[in-house]
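Residues per chain are reported as follows:
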Amino acid sequence: KPKETALQKNEETVLRNTKYYVSEEGDFKKGSDGTFTLSNGKTISANSEYVRLAEIEGTARLLDGTVLNYSSGSRNQGNYRWVETSNQYGLGNYDNPLTPYRSVAVDPDRIALGSKLFIRETVGMLIPAEYGGGRHDGIWYAHDTGSAIQDDRVDLFVGSKRYESVAGSYKG
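Small disclaimer: the values here were computed from a predicted structure and weren't measured.

Draft legend 1. Spatial organisation of the environment of Val-83. Relative to the helices and strands, Val-83 resides in strand 7 (residues 81-85). Val-83 sits in the partly exposed class, given a relative accessible area of 28%. Separated by 43 residues in the primary sequence, Val-83 and Asn-40 have C-alpha atoms spaced 7.9 Å apart. Apart from the residues lying within four places of it in its own chain, the contact partners of Val-83 are Ser-39, Val-67, Leu-68, Asn-69 and Ser-71.

Draft legend 2. Up close: the pairing of strand 4 (residues 43-46). Side-chain alternation along strand 4 places Ile-44 and Ala-46 on a buried face and Thr-43 and Ser-45 on a face that remains uncovered. In terms of strand pairing, strand 3 (residues 34-38) meets strand 4 through 4 bridges, oriented antiparallel. The residue bridging Phe-36 from the neighbouring strand is Ile-44, located in strand 4. What sits between strand 3 and strand 4 in their antiparallel hairpin is a turn of 4 residues, with Gly-41 showing a positive phi close to 95°.

Draft legend 3. Fine view of helix 1 (residues 48-57). Here helix 1 has its buried residues at Ser-48, Tyr-50, Val-51, Leu-53, Ala-54 and Glu-57. Lining the buried residues of helix 1 we find strand 1 (14-20), strand 2 (23-24), strand 3, strand 4, strand 5 (59-61) and strand 7. Taking the backbone nitrogen of Glu-49 as reference, a side-chain oxygen 2.7 Å away marks Asn-47 as the first, capping residue of helix 1. Positive phi appears at Gly-58, one or two residues downstream of helix 1, with a value of about 95°.

Draft legend 4. Spotlight on the pattern of salt bridges. Per the stated rule, a full pass over the model turns up 6 salt bridges. Notably, a salt bridge pairs Lys-42 with Glu-84, separated by 4.0 Å at the nearest N-O pair. Taken together, the residues span a long stretch of sequence, with Lys-42 in the loop between strand 3 and strand 4 and Glu-84 in strand 7 at a distance of 42 residues. Looking at Glu-84, the relative accessible area reads 48%, which means it is partly exposed. For Arg-102, the salt bridge goes to Asp-137, with nearest N and O atoms at 2.6 Å. In this pair, Arg-102 sits in the loop between strand 7 and strand 8 (103-105) while Asp-137 sits in the loop between strand 9 (116-118) and strand 10 (139-144), placing the two residues 35 residues apart along the sequence. Using a relative accessible area of 25% as the deciding quantity, one classes Arg-102 as partly exposed.

Draft legend 5. Spotlight on the nonpolar core. Of all hydrophobic cores here, the largest spans 24 residues; its most connected members are Tyr-101, Val-104, Ile-111, Leu-117 and Trp-140. Every element with two or more residues in this core is listed here: strand 1, strand 8, strand 10 and strand 11 (153-157). When residues of this core are assigned to their parent elements, the largest contribution, 3 residues, is made by strand 11. Those residues in contact with Trp-140, other than ones at most four positions away along the chain, are Tyr-101, Arg-102, Ser-103, Val-104, Ser-115, Lys-116, Leu-117, Ile-119, Thr-122, Met-125, Leu-156 and Phe-157. Among the nonpolar cores identified, the runner-up in size contains 11 residues, and Ile-44, Ala-54, Leu-62 and Leu-68 belong to it.

Draft legend 6. Seen up close, the environment of Tyr-163. In this structure, Tyr-163 sits in the loop between strand 11 and strand 12 (168-171). The spatial distance from the C-alpha of Tyr-163 to the C-alpha of Tyr-21 is 8.5 Å, given a sequence separation of 142 residues. Among all residues touching Tyr-163, those that are not within four sequence positions of it are Tyr-101, Pro-128, Glu-130, Tyr-131 and Val-158. Here Glu-130 takes part through its side chain, which lies 2.8 Å from a polar atom of the side chain of Tyr-163.

Draft legend 7. Geometry of the sheet that holds strand 3. Read across the open sheet, the 6 strands follow the order 2-5-6-7-3-4; overall the sheet is mixed. Unpaired on one side and paired on the other, strand 2 and strand 4 mark the two borders of the sheet. In the sheet, strand 2 pairs with strand 5 via 2 bridges, with the strands oriented parallel. Residue pairing for strand 5: Ser-23 is matched across the bridge by Ala-60. Sitting on the sheet, helix 1 is in contact with strand 2, strand 3, strand 4, strand 5 and strand 7, with an inclination near 45° to strand 3.

Parameters and conventions
Residue numbers run consecutively from 1 along every chain, following the written order of its sequence. In keeping with the model being predicted, local features are shown solely for residues with a pLDDT of at least 70 and side-chain atom pairs are shown and tallied solely at 80 or more, while totals for entire chains, interfaces and linings include all residues. Neither water nor hydrogens contribute to the side-chain values; these are computed over all heavy atoms in the structure. Counting from the N terminus, the helices are the DSSP runs of H or I reaching at least four residues and the strands are the DSSP runs of E reaching at least two. Summary of the burial criterion: residues with accessible area below 20% of their type's maximum are buried, those above 50% are exposed, and those between are partly exposed, where the area comes from a 1.4 Å probe applied to protein chains only. When checking whether two residues touch, look at their non-hydrogen atoms; a contact exists if any pair is within 4.5 Å. Two strands qualify as a pair provided DSSP detects at least 2 bridges between them. A 3.5 Å cut-off defines polar contacts: any pair of N or O atoms within that distance qualifies, except that in protein one atom must be a possible hydrogen donor and the other a possible acceptor, and neighbouring residues in sequence count only when both atoms are side-chain atoms. By salt bridge we mean one thing: a side-chain nitrogen of Lys or Arg within 4 Å of a carboxyl oxygen of Asp or Glu. Residues belong to one nonpolar core when they are buried, are Ala, Val, Leu, Ile, Met, Phe, Trp, Tyr or Cys, and are joined through side-chain atoms within 4.5 Å. Orientation is described by lines fitted to C-alpha atoms, with helices fitted over the stretch in contact, and by angles between N-to-C directions that extend from 0 to 180 degrees.

Interpretation in functional terms is not warranted from these geometric data alone.
Here is the structure:
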């Protein structure tokens, strides 16, 4: 029987949040000292700092608009494997499309993937106009995981680095 998570028990739990976003090649100096290795063997050269950040964030948007997604579970002798995706923000676990201000990465031992979360402290948070505008209703969806997302940490997907100011601790 799978472990019952605090969320499934309908318990209120204290969580720490961080944020993540799509890494944009345009935010870095032009360079070719780094490499994205795609799952089909193709390689794409880019600035090495950009490649390193993309490895952390999990999604990269190249200058030509191509979106690359880290392909979990397919690390080959230290080289990350990437896949092209048509989703403009990338994909989370089980190919869930990531949605800014709705998707959250979780520790699946604490919060079941696919869960709907109500994060009270995000109610009323301003949503940028490019993501629909208005104020947040506090509803998030556990669409993703991450190697550093453990125990009481969740990672709010904010789409763009411009909006990474969503931070702090809150009750969820």
